[in-house]
Amino acid sequence: MKTVCILLALVSYIFSGNDTKNQSNKYIYFTTEEGSEGRDIVRISTDGNSRKRLTSDNGSNHYPHHNSPKLSPDGAKIVYHSDTDRHDRYSIWTMNIDGSDKTRITLKEGLFANWSPDGKRIIFSGRRNGIWEILSVASDGSDEKNISENFKKVKQPTWGAVCDYHPNGKSVVFSYIREKKLYSMDLQTKKITQISPSNHSYTQSAFSKYGKQIAVNRKIKEKEGYDLIIISTVDNTIETIAKNVISYSAPSWSKSGEEILFAGVINGNQEIFKINLKDKTETQLTKNSDFDAMPTW
């Protein structure tokens, strides 16, 4: 009888299969102002339906902003930043993909968080002793480390950075919000290499599944808008994928690597789109007059 129970449990696991992971493949997560006085994180199905709000107004004397969700590599959790203490005083939080078990990860300032490839650490940006740094912390909030060590440098950034790990975990790409230059950093040697031309604006980058490409928002001329481009890390070739995208909203690759989510402007509204990289077909996933940005899946 015991053997039968074990076999039944195994079959159930295989076919239901870590339901959390299965759910993560069905949904898109993003930040919206629709139906909120602040900003909340919602999830929708990949066809734009089945909407669920995952955060709510839980601050003090104001409606907080819950921004920039990123799905963990195992598809079980979301990391994001919220200003529940007071306006624009952000810290890093995690929650399950259904919105349960919200946990504050950093007591000090933190924003634009992202996961390491193994899900054990979270990279983010925050001020320490008044200086903007790139930091990492264990996923339970312990063992904070200063990656950038900008306090040692004469020239220091005027605002935080958005970072993404290479899939091998050995390097990161990043851009400081106000400087808008794209860099890579070897995490062992701390060597930094500038990727973007100095006369262009690059911001909000994301590695492809195997690290052979980087999707990033780029502006060439001051009066022009941002385009979503893909840079080959193999031969440095560049392909323009979409035009008129939101500069402060990072693109997000699908697990297959065949589609990218991004935030763009249509009829004066910021909306979420996905684009098929094979035929360049765009699909608009949100249609409202409110702020929608920072998608992930």
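Criteria and thresholds
Residues numbered from 1 in each chain as written. Predicted model: local features only at pLDDT ≥ 70, side-chain atom pairs only at ≥ 80, totals over all residues. Heavy atoms only, no water. Buried < 20%, exposed > 50% of the residue type's maximum accessible area, 1.4 Å probe, protein only. Helix = DSSP H or I, 4+ residues; strand = E, 2+ residues; numbered from the N terminus. Pairing = 2+ DSSP bridges. Axes fitted to C-alpha atoms, helices over the stretch in contact; angles between N-to-C directions. Core = buried A, V, L, I, M, F, W, Y, C linked by side-chain atoms within 4.5 Å. Contact = heavy atoms within 4.5 Å. Phe/Tyr/Trp six-rings, centres within 6.5 Å; stacked < 30°, edge-to-face > 60°. Lys NZ or Arg CZ within 6 Å of the ring centre and 35° of its normal.

Visitor: Honestly, the pairing of strand β18 (residues 226-232) in this entry has me stumped. Any pointers?
Guide: Side chains on a regular strand alternate between the two faces of the sheet. β18 sits mainly inside the fold: 7 of its 7 residues count as buried. Sheet topology note: the strand β17 (residues 213-219)/β18 ladder contains 6 bridges and is antiparallel. What sits directly across from Ala215, in β18, is Ile230. The pairing of β18 with strand β19 (residues 238-245) spans 6 bridges and is classified as antiparallel. Its bridge partner lying in β19, Asp227 is registered against Lys243.

Visitor: Sorry if this is basic, but what is going on with the sheet that holds strand β3 (residues 52-53) here?
Guide: Note: strands within a sheet are paired through backbone hydrogen bonds, in either parallel or antiparallel orientation. Reading across from one edge, β3-β2-β1-β24 is the order of the 4 strands in this open sheet, with antiparallel pairing throughout. Two strands in the sheet have a free side with no partner beyond their single neighbour: β3 and β24 (292-296).

Visitor: I would appreciate a short explanation of the sheet that holds strand β14 (residues 183-186) in the present structure.
Guide: Judged by pairing direction, the sheet is antiparallel, and its 4 strands sit side by side in the order β12-β13-β14-β15 without closing on themselves. Both outer strands of the open sheet, β12 (161-165) and β15 (192-194), are each paired with one neighbouring strand and no more. Sheet twist, expressed as the mean angle between neighbouring strand axes with direction ignored, is 25°. Where β14 lies against β15, 3 bridges are found, and the strand directions are antiparallel. Bridging from a neighbouring strand, Tyr183 pairs with Gln194 of β15.

Visitor: Sorry, what's going on with the nonpolar core here?
Guide: Generally speaking, soluble globular proteins have nonpolar side chains that are buried together. One finds Leu228, Ile230, Trp253, Ile260, Phe262 and Leu277 to be the most contacted residues of the largest nonpolar core, which totals 14 residues. Contributions of two or more residues to this core are made by β18, β19, β21 (259-266) and β22 (269-276). Ignoring anything within four residues of it in the chain, the contact list for Ile230 reads Gln213, Ile214, Ala215, Thr237, Ile238, Glu239, Ile241, Trp253, Ile260 and Leu277. Formed by 13 residues, the second largest nonpolar core is a distinct cluster that contains Ile44, Ala263, Phe291 and Trp297.

Visitor: Help me out: how do you make sense of unusual backbone geometry in this one?
Guide: Even without being glycine, Asn236 reaches a positive phi, approximately 65°. Structurally, Asn236 can be placed in the loop between β18 and β19. Here the phi dihedral of Asn267 falls at roughly 55°; this positive angle occurs in a residue that is not glycine.

Visitor: Hey, could you run me through the environment of Gly268 in this one?
Guide: With respect to the helices and strands, the residue Gly268 is situated in the loop between β21 and β22. Under the relative-accessibility criterion, Gly268 is labelled exposed at 67%. The sequence separation of Gly268 and Ser289 amounts to 21 residues, and the corresponding C-alpha distance is 8.2 Å.

Visitor: Would you mind going over the packing of aromatic side chains with me for this structure?
Guide: Both the distance between ring centres and the angle between the ring planes are used here to describe each pair of aromatic rings. Per the stated rule, a full pass over the model turns up 5 aromatic pairs. Ring geometry for Phe174 and Tyr176: centres 5.7 Å apart, planes at 80°, overall edge-to-face. The pair formed by Phe174 and Tyr176 is uniform in burial state, with each residue classed as buried. A centroid spacing of 6.2 Å and a plane angle of 5° characterise the contact between Tyr248 and Phe291, whose relative ring orientation is stacked. Here the residue Tyr248 occupies a position in the loop between β19 and β20 (252-253), and Phe291 occupies one in the loop between β23 (282-284) and β24, the gap between them amounting to 43 residues. Among the residues examined, Tyr248 registers a relative accessible area of 36% and is labelled partly exposed. Residue classification places Phe291 among the buried positions, given a relative accessible area of 8%. Here the aromatic residues Phe174, Tyr176 and Tyr183 are joined through ring pairs into a cluster of three or more. Sitting above the plane of the Phe291 ring, Arg39 keeps its charged end 3.9 Å from the centroid.

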